[in-house]
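# Tertiary structure, described
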2 protein chains.
Amino acid sequence: MQTARWVTVMKPSFIREILKVTAQPGVISFAGGLPAPELFPVPELVAAFADALAGSGRQLLQYSPTEGDPGLRAVLSERLTERRVPAGPDDILLTNGSQHGLDLVAKALIDPGDLVLVENPTYLGALQAFGPYGPRIQPVESDEEGMLPGALADAVARERPKLVYVMPTFQNPRGTSMGAARRTAIAAVCRQAAVAVVEDDPYGELRYRGEEQPGIRSFWDQAIYLGTFSKTLAPGLRLGWVTAPPALMGALKLGLQATCLHVGTLTQRVAAMVLSSADYPIHLARLRQEYGRRMSVMLGQMESAFPAGTRWSNPDGGLFIWVELPDGLQSLDLFHLAVAQKVAFVPGQPFFVGEGGDSMLRLNFSNSTPAQITEGMARLGRAIAQLTGAGAPLGT
Amino acid sequence: MQTARWVTVMKPSFIREILKVTAQPGVISFAGGLPAPELFPVPELVAAFADALAGSGRQLLQYSPTEGDPGLRAVLSERLTERRVPAGPDDILLTNGSQHGLDLVAKALIDPGDLVLVENPTYLGALQAFGPYGPRIQPVESDEEGMLPGALADAVARERPKLVYVMPTFQNPRGTSMGAARRTAIAAVCRQAAVAVVEDDPYGELRYRGEEQPGIRSFWDQAIYLGTFSKTLAPGLRLGWVTAPPALMGALKLGLQATCLHVGTLTQRVAAMVLSSADYPIHLARLRQEYGRRMSVMLGQMESAFPAGTRWSNPDGGLFIWVELPDGLQSLDLFHLAVAQKVAFVPGQPFFVGEGGDSMLRLNFSNSTPAQITEGMARLGRAIAQLTGAGAPLGT
């Protein structure tokens, strides 16, 4: 049975291999991007499932409209507009998580050979979603705020791209964000060339300090925006959404019908109930407080445990910190030393399109307790020291 | 914003337009393919959601493996193997409903220009799932048992198809099934040419009479099989599965990761719990009894209410009856007369690839009560009589 061409050109997922290693007992893993299960709003979800099924269970178990629960779209519209991502209820399409939104945007826009421009490094799942539709994917030069508007303008002038993909807030893998000026400039380049731009925003509501930034849609109403409940409620629900201009909504709905008819009816209603509840702001505040604390612990421990010359990003939110090793040391070499110390991370290279990231690595802080973070940073510091040869191995 | 090519060549969905018409008050609709909400196992689902969340809620709300819940795959494997669709747990991949299975099979196999062979008439949702991957779709001559093996062998000899798509049991739209000999012959043609064949089986467990038939996989272990919980539990859960040979499983998993990472964790566990419960066989028996009764009422009423010369299929299960009007009368003309009589159905033409079906129509009996079926058949009989000119309009 011969599979489609994209299957054969797909890079095997190095990250999945890593996650296997890190599942070994005793390993403290900063590799995944998982939220903390102890912070899931379980009582609220239990109550919402029970109430929803008791109230209108039969209706919530039937087929339902493609675009999703009207009540959920209404409450999302309010929240997004407050957060400066202007969107009416009809501009929102519910999806099986953000990943499904990436798939639908690609399905609606990409013909084989079309050009897609991405930040470098960028979110791997986006490359995986786009791949099957056969685009050419090119990186645009990026700095700590993400994609450079000048480099984007040059790329747009050279060749007409079909899609520009950015994660302006707490980017995966860097953890860093675009300021307002950068967002304005990226929006302006895309608007002037009428090139579709996707703002992927899984972490926007997980801000621990600094000021909230406007969405790209606040500068150009044709921008596409992807959101998710995976980080604020629970990823196991598989619920997210696309916010798109009316001109694209028809194609996105056709794509959604083709992939699953519609998203789970009951799950949508449950999300609407939890989002509308008086307790939801308290839940969000608790998430921000606890994740913010974990991030601070990690940043503080890095300061004391990492050898001089190691550098790292200083995010205002999200789930990740990005580390650059001193003297061009290789993060893949470090990985093997770290696993021996029973601590894990993701080396930087897989996040890059083409070359790059060899001396970089990504650390997640949301899925470990402060105590694990403290111990894990000590282990990782020892591994870096071993690699730099700055001292005899301090542990094992 | 220029959308992908498939969007512009996609036929607008006539059926969606029809479903709008049929939502008008007072209309008795046999148009959709919805299960009866009054037969959903609501108490069982309520209990399962509560028990699952109480037992291991946090784990069921977290990200989970691509292939799906091991317990659910184990119980599915047992049930399928009993039903002569041999499959181990590792041959099963959970999906967001059968429609997602169709999308994943297409994503894994189809490159633009590849040939896909389908029955004629066939399930519209399959054409919608395949469309975005750019195949050429050709119908194979079909009779009341579905695809003709001789015609399939000719098509396979002429040109190497990438995929053969059949619905051997209670086909949508005809309602009819392949006997064992036809299944064997279709499997043999595909096996000999090593062409991927998909058995789509949303209705197999809804048998009201006659003997259960073996799945195509019982004749060729490389056959792909699509199943769903939409008709036996509830469609609002959006839960189904693909059963595929090991050689294809890797590509299907990559596709699933690309489209949604994995299917809802909690929903899968709930389905596993309901399927494993002692009450499940009672639920299934009740479904079969009630749907069987509705089918009998519809067939009986057609006998008395429809003018001579009208013919219809006589299914052993599923959700649909297929009607052929006398003297080549047009079902689209009938549709307008029927809507005036406040009764609705789907005309046959949209189910055909190319020409055909102009004098045919599809009736659903699962989503109407016996009383509605009786009244609706009387109305439809009057509309057909009007169309044949066999008498003055009897009603309105």
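Data block above holds the structure.
About the cut-offs
Residues numbered from 1 in each chain as written. Chains lettered and ligands numbered in written order. Predicted model: local features only at pLDDT ≥ 70, side-chain atom pairs only at ≥ 80, totals over all residues. Heavy atoms only, no water. Contact = heavy atoms within 4.5 Å. Buried area = accessible area lost by both parts, 1.4 Å probe. Salt bridge = Lys/Arg side-chain N within 4 Å of Asp/Glu carboxyl O. Polar contact = N/O pair within 3.5 Å; in protein donor to acceptor, adjacent residues only side chain to side chain. Helix = DSSP H or I, 4+ residues; strand = E, 2+ residues; numbered from the N terminus. Expected span 1.5 Å × (residues − 1). Buried < 20%, exposed > 50% of the residue type's maximum accessible area, 1.4 Å probe, protein only.

### Concerning the interface of chain A and chain B
Tallying the contact residues gives 67 residues for chain A and 67 residues for chain B. Considering only the surface of chain A that becomes buried against chain B, M1(A), R58(A) and L61(A) emerge as the three largest contributors, covering 14% of it. Across the chain A-chain B interface, the total number found is four salt bridges. Between K107(B) and D103(A) there is a salt bridge, with the nearest N and O atoms lying 3.1 Å from each other. The interface formed by chain A and chain B holds 34 residue pairs in polar contact (both at pLDDT 80 or more) in total.

### Concerning helix α13 (residues 370-388) of chain A
Residues and elements named next belong to chain A. Its 19 residues place the ends of α13 26 Å apart at the C-alpha level, agreeing with the 27 Å of an ideal helix rising 1.5 Å per residue. Taken residue by residue, α13 has P370, I373, G376, M377, R379, L380, G381, A383, I384, A385 and L387 as its buried positions. Summarising the contacts, the buried residues of α13 are in contact with β1 (28-29), α11 (280-305), α12 (331-340), β13 (343-344) and β15 (360-364). Positive phi shows up at G389, right after α13, with a value of about 70°.

### Describing the pattern of salt bridges
According to the stated counting rule, one finds 36 salt bridges over all chains in the structure shown. Across the salt bridge formed by R294(B) and E38(B), the nearest N and O atoms sit 2.8 Å from each other. Of this pair, R294(B) sits in helix α11 (residues 280-305) while E38(B) is found in the loop between β1 (28-29) and α3 (42-60), placing the two residues 256 residues apart along the sequence. Residue classification places R294(B) among the buried residues on the basis of a relative accessible area of 3%. Salt bridges here are not isolated pairs; linked through shared partners, they connect E38(A), E290(A), R293(A) and R294(A).

### Thoughts on the environment of A196(B)
Tracing the backbone through its elements, the reader meets A196(B) in strand β8 (residues 196-200). Since its relative accessible area comes to 2%, A196(B) is described here as buried. Among all residues touching A196(B), those that are not within four sequence positions of it are M1(A), L109(B), K162(B), L163(B), V164(B) and I224(B).

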